[in-house]
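So the chains spell out like this:
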Amino acid sequence: DQQVKQNSPSLSVQEGRISILNCDYTNSMFDYFLWYKKYPAEGPTFLISISSIKDKNEDGRFTVFLNKSAKHLSLHIVPSQPGDSAVYFCAASKGQNFVFGPGTRLSVLP
Amino acid sequence: ETGVTQTPRHLVMGMTNKKSLKCEQHLGHNAMYWYKQSAKKPLELMFVYSLEERVENNSVPSRFSPECPNSSHLFLHLHTLQPEDSALYLCASSQEPAIAANYGYTFGSGTRLTVV
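Some details on the nonpolar core
Phase 1: Phe33, Trp35, Leu73, Leu75 and Tyr88 of chain A are the most contacted members of the largest nonpolar core, which has 24 residues in total.
Phase 2: At the level of secondary structure, the elements contributing two or more residues to this core comprise strand S3 (19-25), strand S4 (32-38), strand S5 (45-51), strand S7 (62-67), strand S8 (72-77), strand S9 (86-94) and strand S11 (104-109) of chain A.
Phase 3: Broken down by element, the residue count for this core peaks at 4 residues, all from S9 of chain A.
Phase 4: Excluding residues that lie within four positions of it along the chain, leucine 75 of chain A makes contacts with Ser19, Ile20, Leu21, Trp35, Leu47, Ile48, Phe62, Thr63 and Tyr88 of chain A.
Phase 5: Ranked by size, the runner-up nonpolar core spans 22 residues in total, among them Val4, Val60, Cys68 and Cys91 of chain B.

So, in structure tokens, the structure goes:
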């Protein structure tokens, strides 16, 4: 029973356009949500997080949106760049308990 | 270089072997973690150490034995593994676990383990 779901295993976007990565969760007790990026042969790298008391957090080209009523969050990357091509993991936490989604592979095409 | 170093990068071992994975961080973090990533499955938390004490063990089989001798080093001792234990084992570190959510983890590059 996956508590954090990323239903799109892969996504392709043209360079310069917006990338939207989606994540759904089932546990309403989660209070922080994070996004990680992972390149091949490297560990995941922290990108951005959002507290459950917010609905938006922005950091440069990356914006995370949280819809608590729908138990849904999304990561927007704009404009997308070829270097953004990686696997993106959504994670949710309650205290020390982190749960990761299965990841979405983003390919940004030049 | 992410600040979290894992060795070896690749390991092939037989089911009767004993081996150890090593993780080292010099970020001044107080918490260290072992995660397992199997093919097409989410990252699974195995062990959490905070200030060198184990605070969480997610029902991991006893053939995996962690050791945290100090806040900079973490080991995962392996013995009598099964082929289904083949996976990428990731070490991570963070500030106190309670605030890891704000700042995230720093992950190592992982050890690709193959059990034959």
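The structure having been displayed, the exposition proceeds.
Some details on the environment of glutamine 3 of chain A
All names here are of chain A.
Phase 1: Within the secondary structure, glutamine 3 is located in the segment before strand S1 (4-5).
Phase 2: Separated by 27 residues in the primary sequence, glutamine 3 and phenylalanine 30 have C-alpha atoms spaced 10.0 Å apart.
Phase 3: Among residues more than four places away in sequence, those in contact with glutamine 3 are Asp24, Tyr25, Thr26, Asn27, Phe30 and Val99.
Phase 4: Among the polar contacts listed, one links the side chain of glutamine 3 to the side chain of asparagine 27, at a separation of 3.3 Å.

Scoring rules and cut-offs
- Residues numbered from 1 in each chain as written.
- Chains lettered and ligands numbered in written order.
- Predicted model: local features only at pLDDT ≥ 70, side-chain atom pairs only at ≥ 80, totals over all residues.
- Heavy atoms only, no water.
- Core = buried A, V, L, I, M, F, W, Y, C linked by side-chain atoms within 4.5 Å.
- Buried < 20%, exposed > 50% of the residue type's maximum accessible area, 1.4 Å probe, protein only.
- Helix = DSSP H or I, 4+ residues; strand = E, 2+ residues; numbered from the N terminus.
- Contact = heavy atoms within 4.5 Å.
- Polar contact = N/O pair within 3.5 Å; in protein donor to acceptor, adjacent residues only side chain to side chain.

Read these as spatial facts, not as claims about activity.
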